[in-house]
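Structural overview
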Amino acid sequence: MAIAASAHRTLIDTLTERLGAAAVLTEAADLEPALVETRGLYRGQALALVRPKDQDEVAFTMQECARAGVPVVPQGGNTGLVGGGVPQGGIVLSLARLDRIRHLDPVNATITVEAGCILKAVQDAADAAGHLFPLSLASEGSCRIGGNLATNAGGTAVLRYGNTRELTLGLEVVLADGRIWNGLKGLRKDNTGYDLKDLFIGSEGTLGIITAAVLKLFPKPQVRVTAFVGCASPGQALELFNRLREAAGDQLTAFEYIPDFGLEIVLRHRPGAVRPLSGRHASYALIELSSPQRDADLQGRLEAILGQALEDGLVEDATLGASEAQSLALWHLRESLSEVQRLEGGSIKHDIAVPVSRVAEFIETASRACEAAMPGIRVCAFGHFGDGNIHFNLSQPVGMDKGAFLAEWERFNRIVHDIVHAMDGSIAAEHGVGLVKRDELPLYKDPVGLDLMRALKRTLDPHNLLNPGKVLDLGDPAAPAIARPTESP
Ligand code: FAD
């Protein structure tokens, strides 16, 4: 024990000498924000919070930690929703100071950014140069590009532009032994062997530390139109989605789903939120069309599609955002959903994906199964319907004890995830695996796929120093068993 403590002291001293005292923090108050995560599900512990300023300092830190056998947990904005950034000992490596935009190439339509850039800052830099960087999440004011890459973040623009993976051409990564892999190429074609960048994207800090990336830019939309639509069922919403995609093609940039219960709790808890349609409907869709062509008549097109859908009985009611402010207000209803569930008591959450063709069937089947399993449970199934990605959240029955409800988490995981699996879906759609879903993975992941993941982990991180205990359980003593969350947002 004494040897470990002195080795840790030596490591802290070595890092302090190279990075400076302001970049190696060990006081409890400085560490505190890095030990907890957005939902308050887990609480971690760490020796130090280390804040390098560039990739060389990251590499030095990693080398020294490898020498001392000390685990490293990378952190960006710490907005992750699966406990992936919570340290269980070792050091927290914050990428926040690597926040430079290195280069923007307007003809290649790429931007090269460091991992610590806040997503909004990347969007703004692209915008200022007359381009669009389309990745968009409700946490964009605080999440960082390295975290977006490490979780392969999705968000509201995936339907048109793809996940973070599809937006990435090159990466720079510090490996577990401290070497720097320079894969910072902005190429649309490169078949020189295995695609290494795709290993690191979505690996949640378990294979390497991303320090920079080359990202794709797109033409800026010049016109945009938003609609809020009420339907009688998820099935009708799916039929409407299909029609819109056929009629509007790439101009359809968002199709987000909100259930009646979801809209009602937003209206109940969000000051200033206004009911968008006069009556209530079982299912709502927030639709956005956009185009880089100034003269595209999106409003006319959307009105025509929705007019026909109303006539055919597919849509019960619809409204178009007549101004930028009205469109923002409609989006605000959708973006408030995660937050307001907290105010309805305990919430058991699932972030799943099924083929788009089965998304309505999933919502209906899983809702029925959960309602049968616990009378009074309130299903809040919402999200990125057009990607087949639903946040299938369950609010506790009114009046039930919160702790007693959350104790049922495992039972509802089984009900929901079994249905997802039977539909060839994924139990971790856009938030990742982290700690929350680590022990679910072996139940549903193809065993050969899981073996390949373990083999890659052992190859790239033979001493299990990079974010140990996340995504995969390799039985490392540095990663103590995790408890099921007892709190929920
Ligand atoms: P962190 O939370 O700091 O880290 C996340 C994981 O990545 C951890 O495992 C960490 O160890 C690892 N990591 C971080 N930086 C690096 C790095 N440089 N190299 C290697 N590993 C690293 N997510 C979506 O996908 N879609 C959404 O629509 C969405 N909406 C959200 C809305 C809200 C209000 C909130 C709070 C979160 C939302 N999220 C969403 C989740 C979260 O914002 C994303 O997962 C985001 O990509 C995390 O970025 P971050 O910088 O906060 O990462």
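Structure shown above.
Here's what I pulled together on the structure shown here.

Conventions used here
- Residues numbered from 1 in each chain as written.
- Predicted model: local features only at pLDDT ≥ 70, side-chain atom pairs only at ≥ 80, totals over all residues.
- Heavy atoms only, no water.
- Helix = DSSP H or I, 4+ residues; strand = E, 2+ residues; numbered from the N terminus.
- Rg over C-alpha atoms; globule rule 2.2 N^0.38 Å.
- Contact = heavy atoms within 4.5 Å.
- Areas by Shrake-Rupley, 256 points an atom, 1.4 Å probe, with all protein chains shown as cover.
- Axes fitted to C-alpha atoms, helices over the stretch in contact; angles between N-to-C directions.
- Parallel < 35°, antiparallel > 145°, perpendicular 65-115°, else oblique.
- Left-handed = near helix turned anticlockwise from the far one by under 90°.
- Nonpolar A, V, L, I, M, F, W, Y, C, P; charged D, E, K, R; others polar.
- Salt bridge = Lys/Arg side-chain N within 4 Å of Asp/Glu carboxyl O.
- Buried < 20%, exposed > 50% of the residue type's maximum accessible area, 1.4 Å probe, protein only.
- Polar contact = N/O pair within 3.5 Å; in protein donor to acceptor, adjacent residues only side chain to side chain.
- Near = heavy atom within 4 Å.
- Expected span 1.5 Å × (residues − 1).
- Phe/Tyr/Trp six-rings, centres within 6.5 Å; stacked < 30°, edge-to-face > 60°.
- Lys NZ or Arg CZ within 6 Å of the ring centre and 35° of its normal.
- Core = buried A, V, L, I, M, F, W, Y, C linked by side-chain atoms within 4.5 Å.

Quick look at the overall build of the protein chain now. Broken down by element type, the protein chain carries 17 helices and 19 strands. For 489 residues, the compact-globule formula gives about 23 Å, and the C-alpha radius of gyration of the protein chain, at 23 Å, lands near that figure. Taken along its principal axes, the extent of the C-alpha atoms in the protein chain is 75 × 55 × 45 Å. The long-range share in the protein chain, meaning contacts at least 24 apart out of those at least 6 apart in sequence, stands at 74%. If you sum the accessible surface of the protein chain, you get close to 20500 Å²; carbon and sulfur atoms cover 52% of it.

Remark: helix α13 (residues 359-373) packs on helix α15 (residues 409-422), axes separated minimally by 10 Å, with the N-to-C direction vectors making an angle of 155°. Put simply, α13 runs roughly antiparallel to α15. For the pair α13 and α15, the sense of crossing is right-handed. On α15, the residues touching Phe362, Thr365, Ala366, Ala369, Cys370 and Ala373 of α13 are Arg411, Phe412, Ile415, Val416, Ile419 and Val420. Here the residues of the contact of α13 with α15 sort into ten nonpolar, one polar and one charged.

Scanning the model with the defined rule gives 31 salt bridges in all. Where Lys53 meets Glu57, a salt bridge forms, and the shortest distance between an N and an O atom there is 2.8 Å. Look at Lys53 and you get partly exposed, because its relative accessible area is 43%. When the shortest N-O distance is used, the salt bridge between Arg268 and Glu344 registers 2.8 Å. Of this pair, Arg268 sits in helix α9 (residues 260-269) while Glu344 sits in the loop between α12 (337-341) and β16 (347-348), placing them 76 residues apart in sequence. Each of Arg100, Arg102, Glu114 and Glu172 takes part in a single network of salt bridges with overlapping partners.

Time to look at the side chain of Glu430. Structurally, the position occupied by Glu430 is in the loop between α15 and α16 (441-444). Looking at Glu430, its side chain comes within polar contact range of the side chain of His391, at 3.0 Å. Sequence-distant contacts of Glu430, that is, excluding residues within four places in its chain, are made with Thr151, Asn152, Ala153, Gly154, Gly155, Asp351, His384, Asn389 and His391.

By nearness alone, 35 residues border the ligand, and Pro74, Gly76, Gly77, Thr79 and Ser139 come closest of all. Gly77 is positioned such that a nitrogen or oxygen atom in its backbone is 2.8 Å from an oxygen atom of the ligand. Considering the ligand on its own, with 970 Å² of exposed area, one finds that the protein chains cover 91% of that surface. Secondary-structure elements contributing two or more residues to the shell around the ligand are β3 (72-75), α5 (145-151) and β10 (209-216).

Turning our eyes to something else, we now look at α13. When the terminal C-alpha atoms of α13 are compared, their 21 Å separation across 15 residues agrees well with the 21 Å that a helix rising 1.5 Å per residue should span. Tucked into the core, α13 has its buried residues touching α8 (234-248), β13 (252-259), β17 (351-353), β18 (378-384), β19 (389-395) and α15.

Another point: the packing of aromatic side chains. The tally for this structure, following the rule as stated, stands at seven aromatic pairs. Aromatic pair Phe255 and Phe385: ring centres 5.6 Å apart, planes at 35°, arrangement tilted. Of this pair, Phe255 sits in strand β13 while Phe385 sits in the loop between β18 and β19, placing them 130 residues apart in sequence. Here Phe255 and Phe385 have matching classes, each one buried. Through pairs of rings, three or more aromatic residues link up here, namely Phe241, Phe255, Tyr257 and Phe385. Note that Arg18 overlies the ring of Phe60, its terminal NZ or CZ placed 4.7 Å from the centroid.

So, on to the nonpolar core. In terms of nonpolar packing, the biggest core is built from 53 residues, with Leu240, Ile287, Phe362, Phe385 and Phe392 touching the most fellow members. In this structure, Phe362 is in contact with Ile352, Val354, Ser367, Ile390, Phe392, Val416, Ile419, Val420 and Met423, ignoring residues within four places of it in sequence. Counting 29 residues, the second-largest nonpolar core is a separate cluster that includes Val122, Leu137, Cys143 and Leu171.

Here the focus is the side chain of Ser327. Within the secondary structure, Ser327 sits in helix α11 (residues 324-335). Ser327 sits in the buried class, given a relative accessible area of 11%. Those residues in contact with Ser327, other than ones at most four positions away along the chain, are Thr226 and Gly321.

This brings us to the environment of Arg144. Mapped onto the secondary structure, Arg144 falls in the loop between β7 (131-132) and α5. Given a relative accessible area of 17%, Arg144 falls into the buried group. Spatially, the C-alpha atom of Arg144 lies 5.4 Å from that of Gly116, the residues being 28 residues apart in sequence. Setting aside its immediate chain neighbours within four residues, Arg144 contacts Gly76, Gly77, Ala96, Ala115, Gly116, Cys117, Ile118 and Leu119.

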